[in-house]
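Each chain, written out:
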Amino acid sequence: FPSHDRWMIVETLRWILLLPLAGAVLNGFFIRSKNSFVSGTIASAASLGAFVFSLIAIQSLSQLNTPSEPSYLIDPLFVWMKSGHLNVPFTLELNSLSAMMLVFVTGIGSLIHIYAISYMSHDETPARFFSYLNLFLTAMLTLVLASNLVVLFLGWEGVGVCAPLS
């Protein structure tokens, strides 16, 4: 791939995280619908969008891999901490193992989102549930795409915080 195409491929990793996060913010702060179909559709669309971007990233990764040298994609989002010689970036990495888990998490997560639309139809606050479900998916994807132990820890703690809430 030329460098421009490689950068576009790498940017798909951040969209995999940003779409469920956007669904959580929309349902949690802006729309706050009492209708489970509305809030569930927003959450499911965000989850399915992450699934589509996951498939695009995996297809791109498979085109980069060669038998002699397996490849990976790295997306440096920002520097999390910097103090003296300590530099901890918030970086996402897609390799063959995380690619498999990425499809599993976004695929099954999307099916859970779609099922939950009818399951939550009698709930009084479905927007809160779907917001937490999208936040859980974001934390799980952070865990899967983590490139260092600090990002892995943030994803792990996010999963732990969101699991009892959703």
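Higher on the page you've got the structure.
All of these numbers come straight from a predicted model, not from anything done at the bench. (Residues numbered from 1 in each chain as written. Predicted model: local features only at pLDDT ≥ 70, side-chain atom pairs only at ≥ 80, totals over all residues. Heavy atoms only, no water.)

(A) Structural detail: the layout of surface pockets. A volume near 210 Å³ is recorded for the largest pocket. Asn27, Gly28, Arg32, Ala127 and Arg128 are the residues nearest the centre of the largest pocket, which is lined by 14 residues in total. Only helix H1 (3-31) and helix H4 (126-145) provide two or more residues apiece to the lining of the largest pocket. Here the element with the most residues in the lining of the largest pocket is H4; it accounts for five residues. (1 Å grid on protein atoms, 1.4 Å probe; cavity = no way out; pocket = protein on both sides within 12 Å on 5 of 7 lines; lining within 4 Å. Points joined across faces, edges and corners; volume = space filled by probe spheres on them. Helix = DSSP H or I, 4+ residues; strand = E, 2+ residues; numbered from the N terminus.)

(B) Focus on the packing of helix H3 (residues 96-119) against H4. Relative orientation of the contacting elements H3 and H4 amounts to 175°, with a least axis distance of 10 Å. On the basis of the axis angle, H3 is roughly antiparallel to H4. Taken together, the residues of H4 that come into contact with H3 (itself represented by Ser98, Met101, Leu102, Val105, Thr106, Ile112, His113, Ala116 and Ile117) are Phe129, Phe130, Leu133, Asn134, Leu137, Met140, Leu141, Val144 and Leu145. Looking at side-chain class alone, the contact of H3 with H4 contains 14 nonpolar, four polar and no charged residues. (Axes fitted to C-alpha atoms, helices over the stretch in contact; angles between N-to-C directions. Parallel < 35°, antiparallel > 145°, perpendicular 65-115°, else oblique. Contact = heavy atoms within 4.5 Å. Nonpolar A, V, L, I, M, F, W, Y, C, P; charged D, E, K, R; others polar.)

(C) Region of interest: the pattern of salt bridges. A complete count under the given rule lists one salt bridge for this structure. As a salt-bridge pair, Arg14 and Asp75 come within 2.5 Å of each other at their nearest N and O atoms. In this pair, Arg14 is assigned in helix H1 and Asp75 in strand E1 (residues 73-83), connecting sequence segments 61 residues apart. As far as the burial class goes, Arg14 and Asp75 line up, both buried. (Salt bridge = Lys/Arg side-chain N within 4 Å of Asp/Glu carboxyl O. Buried < 20%, exposed > 50% of the residue type's maximum accessible area, 1.4 Å probe, protein only.)

(D) Structural view of the side chain of Asn27. Examined against the element boundaries, Asn27 turns out to sit in helix H1. Polar side-chain contacts of Asn27 include one of 3.0 Å to the backbone oxygen of Ser39. Setting aside chain neighbours within four positions, we find Asn27 in contact with Arg32, Ser39, Ile42, Ala43, Ala127, Phe130, Ser131 and Asn134. (Polar contact = N/O pair within 3.5 Å; in protein donor to acceptor, adjacent residues only side chain to side chain.)

(E) Looking closely at the pairing of strand E2 (residues 86-94). Two elements, E1 and E2, share nine bridges in a ladder whose sense is antiparallel. Residue pairing in the sheet places Pro76 in a bridge with Thr91 of E2. What sits between E1 and E2 in their antiparallel hairpin is a turn of two residues, with Gly84 showing a positive phi close to 60°. (Pairing = 2+ DSSP bridges.)

(F) Geometry of helix H5 (residues 149-162). Counted at 1.5 Å a residue, the expected span for H5 with its 14 residues is 20 Å, and the 20 Å between its end C-alpha atoms agrees. Of all the residues in H5, the buried ones are Val151, Gly155, Gly158, Val159 and Cys162. On an axial view of H5, the arc spanned by its buried residues comes to 100°, and they lie on one face. Exposed residues on H5 whose side chains face more than 90 degrees from its buried face are Leu149, Phe153, Trp156 and Val161. Where the residues of H5 are buried, they touch E2 and H4. You can read the cap of H5 off the contacts: a side-chain oxygen lies 3.2 Å from the backbone nitrogen of Val150, and it is on Asn148. (Expected span 1.5 Å × (residues − 1). Arc of directions from axis to C-beta.)

(G) A look at the packing of aromatic side chains. What the rule picks out here adds up to six aromatic pairs. Taking 6.4 Å as the distance between ring centres and 20° as the angle between the ring planes, the aromatic pair formed by Trp15 and Phe53 counts as stacked. With a gap of 38 residues between them, Trp15 in helix H1 and Phe53 in helix H2 (residues 36-64) connect regions that are remote in the sequence. When its relative accessible area of 41% is taken as the criterion, Trp15 is described as partly exposed. Relative to Phe90, the ring of Phe78 has its centre 5.0 Å away and its plane inclined at 5°; by these criteria the two rings are stacked. Residue Phe78 is located in strand E1, and its partner Phe90 is located in strand E2; the two are separated by 12 residues in the primary sequence. Taken together, the aromatic side chains of Phe78, Trp80 and Phe90 make up a single cluster linked through ring pairs. (Phe/Tyr/Trp six-rings, centres within 6.5 Å; stacked < 30°, edge-to-face > 60°.)

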